[in-house]
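# Observations on chain architecture
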Amino acid sequence: MRISIIGAGAIGSALGALLALRGQEVVLIGRASHVDAISRNGLYVDGCRGEFTVQVKAAERLDSRPDLVLLTVKTQDVTAAVRDNSACLTDVPLVTLQNGVRSDELVAELLPQPQILSAVVLMAATYLTAGRVTLLDEGALVIGRPFGPRDAQVDRVASILNEAVPTRVSTNIRGAHWLKLIANLNNALPALTNKSASQVSADPFLRHLAVGLMREGLRVTDRAGVRLESLPGAPVTLLRLFAWLPEGLTALLAAGMARRMDTHGSLLGSTLQSLRRGRPTEIEYLNGEVVRLGQRLGVPTPLNAHVVELVHQVEQTGKFFSADDIRHEIRETEGST
């Protein structure tokens, strides 16, 4: 198939490379420096699949109609990416692959709902240098219809993606996105500290903060009546267990999971990668989503609110925080309210 991937960052580049290895005709749509490097030397991949270079087409914008589009830009870039490439998207199935829970609605403002499929990404990859991507964990994809029932097109797209990454179909993709969001709320902590996930998990205060962020997310979704959907390796029952176990034990379990993910390189998280590349983060669509829903429902989410504010400070100043700095900032704010 002719598959265009709009958003050749970490996940887009890694997924494009794996699809190209399976014989798909892939075009990566990305920024000029990345496009130039790929066009000159191919896309270099290392990590859990070993080291290899794949020859793949790259461009800054679509110039022809593909058979399938995978949208892998950050949520804040979704509207512009779809609008900029709209001339080539007529009647083309488009799969959203964003963190957070908002991208499907944003795309539906520009494209008919029947064109839209939605996927939860459980891959881990790092992209910091043009023309190079590190695949830390090929993970899995979960795909479904955000605005309709499962159909033949969902199954067909799932089978194509499954050639590259284990892919399953969900009839509750909204609940799957919310579960991923809650599990991913600690993505902000590497961004605040400029450390990998395993380094963050080694600090007792940050471990406990990660648990607190997740528990706030669970309280908000429970109040909202969101039916969470299990993901490969992350069943709802485990997330619920994290919420009810003693905080110290939960923190240690989460730390062990982070250490295992660092096997093929440092797991930085998408938010820190954005900061290191000098790009705006998607924090408003991660922890900020929990804060907004909590405000609407009257559920306090002070830890997530603090984290959103601190990440914005890093964006503005370029200065990271130590664990002691974060503890001080949180206590100072709590003391003034």
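## Considerations on the layout of surface pockets
- Put simply, the second largest pocket is a space of about 320 Å³.
- Lining the second largest pocket are 18 residues; nearest its centre among them are V101, D104, E105, P146 and R174.
- Going through the elements one at a time, α4 (103-108) and α6 (173-183) are the ones with two or more residues in the lining of the second largest pocket.
- Examining the composition of the lining of the second largest pocket, we find that 4 residues originate from one element, α6, more than from any other.
- In terms of residue class, the lining of the second largest pocket is made up of 6 nonpolar, 5 polar and 7 charged.

## Topic: helix α1 (residues 10-21)
- Spanning 12 residues, α1 covers 17 Å between terminal C-alpha atoms, matching the ideal 16 Å at 1.5 Å per step.
- Along α1, the positions that sit buried rather than exposed are A10, I11, G12, S13, A14, L15, G16, A17, L18, L19 and A20.
- Just beyond α1, the residue with positive phi is G23, at close to 95 degrees.

## What about helix α9 (residues 204-224)?
- Between its terminal C-alpha atoms α9 stretches 31 Å, which fits the 30 Å expected from 21 residues at 1.5 Å a residue.
- Most of α9 is tucked away: 15 of the 21 residues are buried.
- Capping the start of α9, D203 holds a side-chain oxygen 3.0 Å from the backbone nitrogen of F205, two or three residues further along.

## Concerning the sheet that holds strand β9 (residues 124-126)
- An order of β4-β3-β10-β9 is seen for the 4 strands of this open sheet, with the pairing classed as mixed. Looking along the sheet, the strands with just one partner apiece sit at the ends: β4 (52-54) and β9. With strand direction ignored, the average angle separating the axes of adjacent strands in the sheet is 30 degrees.
- Relative to β4, strand β3 (residues 43-47) runs antiparallel, the two being bridged by 3 bridges. Residue pairing in the sheet places Y44 in a bridge with T53 of β4.
- Set on the sheet, α1 makes contact with β3, β4, β9 and β10 (132-137); between it and β10 the angle comes to about 85 degrees.

## Some remarks on the packing of aromatic side chains
- By the definition in use, this model includes 0 aromatic pairs.
- The ring of F205 carries R327 above its face, with NZ or CZ at 4.6 Å from the centroid.

## As for the side chain of T271
- Checked against the element boundaries, T271 lands in helix α12 (residues 270-276).
- Its relative accessible area of 0% is what places T271 among the buried residues.

## Some details on the nonpolar core
- Counting 47 residues, the largest nonpolar core has L192, L209, L228 and I326 as the members making the most contacts within it.
- Broken down by secondary-structure element, the contributors of at least two residues to this core are α6, α7 (188-193), α9, α10 (236-244), α12, α13 (287-297), α14 (302-317) and α15 (323-335).
- At 8 residues, α9 tops the list of elements feeding residues into this core.
- One finds A17, A20, F52 and L161 within the second-largest nonpolar core, a separate group that totals 42 residues.

Quick notes on the rules
- Residues numbered from 1 in each chain as written.
- Predicted model: local features only at pLDDT ≥ 70, side-chain atom pairs only at ≥ 80, totals over all residues.
- Heavy atoms only, no water.
- 1 Å grid on protein atoms, 1.4 Å probe; cavity = no way out; pocket = protein on both sides within 12 Å on 5 of 7 lines; lining within 4 Å.
- Points joined across faces, edges and corners; volume = space filled by probe spheres on them.
- Helix = DSSP H or I, 4+ residues; strand = E, 2+ residues; numbered from the N terminus.
- Nonpolar A, V, L, I, M, F, W, Y, C, P; charged D, E, K, R; others polar.
- Expected span 1.5 Å × (residues − 1).
- Buried < 20%, exposed > 50% of the residue type's maximum accessible area, 1.4 Å probe, protein only.
- Polar contact = N/O pair within 3.5 Å; in protein donor to acceptor, adjacent residues only side chain to side chain.
- Pairing = 2+ DSSP bridges.
- Axes fitted to C-alpha atoms, helices over the stretch in contact; angles between N-to-C directions.
- Contact = heavy atoms within 4.5 Å.
- Phe/Tyr/Trp six-rings, centres within 6.5 Å; stacked < 30°, edge-to-face > 60°.
- Lys NZ or Arg CZ within 6 Å of the ring centre and 35° of its normal.
- Core = buried A, V, L, I, M, F, W, Y, C linked by side-chain atoms within 4.5 Å.

Purely geometric stuff here, so don't read any function into it on its own.
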